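Each chain, letter by letter, is given below.
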Amino acid sequence: MKNPLKKLVRRVGKEDPLLLAHHPTCEYYSHHVIELYERKLCMGCFIVYPVGFTSLFVLVSSRLTALSGQIANINTYYLYTAGFLLISPKILLKLAPGQRTRRQRILTKGILAVGLAFVAFPFIFRPSERVLTLCLFFGFLIPYVGHKAWTATDDCEGCPEADDFPNCTGMSFDGTYSYSTDDQEQQAN
């Protein structure tokens with residue numbers, strides 16, 4: 001049986017690896033990627049987007065089907081609270097010093113995505129809450145992404161080419177990677 005996802009990932013990864021893993025291709029950024037079908041993928045994008053959209057789809061489907069009454073009666077602020085409680089482990093992990101294990105990073109990114117779906121959900125079915133929902137959603141997302149951008153080169157610490165960034169060899173995006181292996185990463189963590 002053919003696997004269309006496998007075919008797509010391999011083809012895009014071969015033709016334009018930057019689309020799948022848009023992080024520097026050096027050992028200092030190896031913890032930002034996962035491997036799928038022999039291609040490197042951005043861990044954040046390939047966990048947060050699918051899990052977030054799936055979570056939102058499940059919430060919307062539940063609201064339209066069997067759980068319609070129960071979900072319709074949930075106070076909007078409870079949805080926001082649940083969302084931000086689910087987002088908080090990722091924030092706390094980001095604020096804590098030191099490196100995270102691959103498992104911690106994957107798990108907190110998945111939970112973050114579910115939390116974002118809970119925060120976004122009222123936008124679909126509660127027109128009177130749309131402005132507040134957008135403010136909360138983007139009020140979290142913009143500073144979060146801004147912080148990630150601001151601290152993006154923190155991973156370059158210790159790299160002999162750090163002063164050359166973004167003209168270092170890690171920014172070549174030619175499909176070659178010098179990431180450390182999982183065994184080396186596990187020993188470091």
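To be clear, the structure that these remarks concern was listed above.
A few points on the structure. (Residues numbered from 1 in each chain as written. Predicted model: local features only at pLDDT ≥ 70, side-chain atom pairs only at ≥ 80, totals over all residues. Heavy atoms only, no water.)

1. Here's the deal with the pattern of salt bridges
Then step 1. Tallying each qualifying case throughout the model produces two salt bridges.
Then step 2. Close ionic contact of Glu-38 with Arg-10 constitutes a salt bridge, the shortest N to O distance being 3.3 Å. One end of the pair, Glu-38, is in the loop between strand S1 (33-36) and strand S2 (39-42); the other, Arg-10, is in helix H1 (residues 4-15), and 28 residues separate them in sequence.
Then step 3. Note that Lys-40 and Glu-35 form a salt bridge whose closest N and O atoms lie 3.2 Å from each other.
Then step 4. On the basis of relative accessibility, which here comes to 21%, the residue Lys-40 falls in the partly exposed class. (Salt bridge = Lys/Arg side-chain N within 4 Å of Asp/Glu carboxyl O. Helix = DSSP H or I, 4+ residues; strand = E, 2+ residues; numbered from the N terminus. Buried < 20%, exposed > 50% of the residue type's maximum accessible area, 1.4 Å probe, protein only.)

2. Regarding H1
Then step 1. Relative to the 16 Å expected for 12 residues at 1.5 Å per residue, H1 spans 16 Å between its end C-alpha atoms, a close match to the ideal helical length.
Then step 2. Two or three places before Leu-5, at the start of H1, stands the capping residue Asn-3, its side-chain oxygen 3.0 Å from that residue's backbone nitrogen. (Expected span 1.5 Å × (residues − 1). Polar contact = N/O pair within 3.5 Å; in protein donor to acceptor, adjacent residues only side chain to side chain.)

3. Things to note about the packing of aromatic side chains
Then step 1. By the definition in use, this model includes four aromatic pairs.
Then step 2. Judged by centre distance (5.6 Å) and plane angle (55°), the rings of Phe-121 and Phe-125 are tilted.
Then step 3. Assessed through its relative accessible area of 24%, Phe-125 is described here as partly exposed.
Then step 4. Their ring planes at 20° and their centres at 5.3 Å tell us that Phe-140 and Tyr-144 sit as a pair that is stacked. Of this pair, Phe-140 and Tyr-144 both sit in helix H8 (residues 130-150), four residues apart, roughly one helical turn.
Then step 5. On the basis of relative accessible area, Phe-140 is assigned to the buried category, the value being 13%.
Then step 6. Look at Tyr-144 and you get buried, because its relative accessible area is 11%.
Then step 7. Looking at Arg-63, its charged tip hangs above the ring of Phe-125, at a distance of 4.8 Å from the centre. (Phe/Tyr/Trp six-rings, centres within 6.5 Å; stacked < 30°, edge-to-face > 60°. Lys NZ or Arg CZ within 6 Å of the ring centre and 35° of its normal.)

4. Topic: the packing of helix H5 (residues 76-95) against helix H6 (residues 102-120)
Then step 1. At their nearest, the axes of H5 and H6 sit 7 Å apart, and the two run at 155° to each other. Judged by the angle between their axes, H5 and H6 are roughly antiparallel. Two packed elements cross with a definite hand, and for H5 against H6 that hand is left-handed. Side by side, H5 and H6 meet where Leu-79, Tyr-80, Ala-82, Gly-83, Phe-84, Leu-86, Ile-87, Pro-89, Lys-90 and Leu-93 of the first sit next to Gln-104, Thr-108, Lys-109, Ile-111, Leu-112, Val-114, Gly-115, Leu-116, Phe-118 and Val-119 of the second. (Axes fitted to C-alpha atoms, helices over the stretch in contact; angles between N-to-C directions. Parallel < 35°, antiparallel > 145°, perpendicular 65-115°, else oblique. Left-handed = near helix turned anticlockwise from the far one by under 90°. Contact = heavy atoms within 4.5 Å.)

5. Re the nonpolar core
Across soluble globular proteins, you tend to see nonpolar side chains buried next to one another.
Then step 1. Ranked by size, the top nonpolar core spans 11 residues in total: Val-48, Tyr-80, Ile-87, Leu-112, Ala-113, Leu-116, Val-119, Ala-120, Phe-137, Phe-140 and Tyr-144.
Then step 2. Counting only elements with at least two residues in this core, the list comes to H5, H6 and H8.
Then step 3. Here this core gets five residues from one element, more than from any other, and that element is H6.
Then step 4. Not counting residues up to four positions away in its chain, the partners in contact with Phe-140 are Phe-84, Ile-87, Ile-91, Leu-112 and Leu-116.
Then step 5. Counting seven residues, the second-largest nonpolar core is a separate cluster that includes Leu-59, Val-60, Ala-117 and Phe-121. (Core = buried A, V, L, I, M, F, W, Y, C linked by side-chain atoms within 4.5 Å.)

Bear in mind that shape data such as this cannot, by itself, settle questions of function.
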